[in-house]
Amino acid sequence: MRPGVKLDETVKSTLKDAAKKLTGPQKRSFMAKAAEDYFDGSARNAESYLGWKRQSVLFGLHERRTGLVCVDIYRA
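Presented here is an overview of the structure given in this document. All figures in this text were calculated on a predicted structure; none of them were measured in a lab.

1. Some points on the pattern of salt bridges
For step 1, the next point in the chain: Per the stated rule, a full pass over the model turns up 6 salt bridges.
For step 2, the next point in the chain: For Asp17, the salt bridge is made with Lys21, and the minimal N-O distance between the two is 3.1 Å.
For step 3, the next point in the chain: Classification of Lys21 by relative accessible area gives exposed; the value is 63%.
For step 4, the next point in the chain: With a shortest N-O distance of 2.9 Å, Glu47 and Arg54 are connected by a salt bridge.
For step 5, the next point in the chain: The class for Glu47 is partly exposed, based on a relative accessible area of 29%.
For step 6, the next point in the chain: Given a relative accessible area of 29%, Arg54 falls into the partly exposed group.

2. Comments concerning helix H3 (residues 43–50)
For step 1, the next point in the chain: Buried within H3 are the following residues: Ala43, Ala46 and Leu50. Viewed end-on, H3 has its buried residues packed into an arc of 60°, placing them on one side of the element. Away from the buried face of H3 by more than 90 degrees, exposed residues Arg44 and Ser48 are located.
For step 2, the next point in the chain: Immediately beyond the C-terminal end of H3, within one or two residues, lies Gly51, with a positive phi of roughly 80°.

3. Regarding the packing of aromatic side chains
For step 1, the next point in the chain: For the structure shown, the criterion picks out 2 aromatic pairs.
For step 2, the next point in the chain: Pairing Phe39 with Tyr49 gives two aromatic rings, centres 5.6 Å apart and planes at 15°, and the pair type is stacked. Taken together, the positions of Phe39 in helix H2 (residues 24–39) and Tyr49 in helix H3 put the pair 10 residues apart, joining distant regions of the chain.
For step 3, the next point in the chain: According to the relative accessible area criterion, Tyr49 is partly exposed, its value standing at 36%.

4. Structural notes on the nonpolar core
For step 1, the next point in the chain: Residues Leu15, Ala46, Trp52 and Val57 are the most contacted members of the largest nonpolar core, which totals 14 residues.
For step 2, the next point in the chain: The greatest single-element share of this core, amounting to 5 residues, is contributed by H2.
For step 3, the next point in the chain: Not counting the four nearest positions on each side in its chain, Val57 is found in contact with Met31, Ala32, Ala35, Ala43, Ala46 and Trp52.

Reading the values: the criteria
Positions within a chain are numbered from 1, following the residues in the order the chain's sequence is written. Confidence filtering applies because this is a predicted model: local features only for residues at pLDDT of at least 70, side-chain atom pairs given and counted only at 80 or more, and all residues used for totals across whole chains, interfaces and linings. Computation of side-chain values covers all heavy atoms of the structure but excludes hydrogens and water. Each reported salt bridge corresponds to a side-chain nitrogen of Lys or Arg within 4 Å of a carboxyl oxygen of Asp or Glu. Burial classes follow relative accessibility: with a 1.4 Å probe on protein chains only, a residue under 20% of its type's maximum area counts as buried, one over 50% as exposed, and anything between as partly exposed. In this description a helix means any DSSP run of H or I spanning at least four residues, a strand means any run of E spanning at least two, and both kinds are numbered starting from the N terminus. Working definition: the arc comes from the directions between the helix axis and the C-beta atoms, pointing outward to the latter. Paired rings are identified among Phe, Tyr and Trp, the last through its six-membered ring, by centres lying within 6.5 Å, and are further divided according to the angle between planes into stacked (under 30 degrees), edge-to-face (over 60) and tilted (the rest). By nonpolar core we mean a set of buried residues, namely Ala, Val, Leu, Ile, Met, Phe, Trp, Tyr and Cys, connected to one another through side-chain atoms within 4.5 Å. Contacts are assigned to residue pairs with any non-hydrogen atoms lying within 4.5 Å of each other.

Note that all results are geometric; they support no functional claim without further evidence.
Printed below as a string of structure tokens:
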């Protein structure tokens, strides 16, 4: 997390709630944006502070960096 930046419980709750309401690429993009904004792009810190899966955040960060969005095919 950035030095001096603290997320109060209200902000944590809001971020967690928003992430729960999204799915697939939109969720990963949201999680990656939050990690960039609040945790200097650290998926590990997003996992520690918000309980998000680190691999999902990393995947979202990769998608944002490359501009290539992977489409989930759960039914396959």
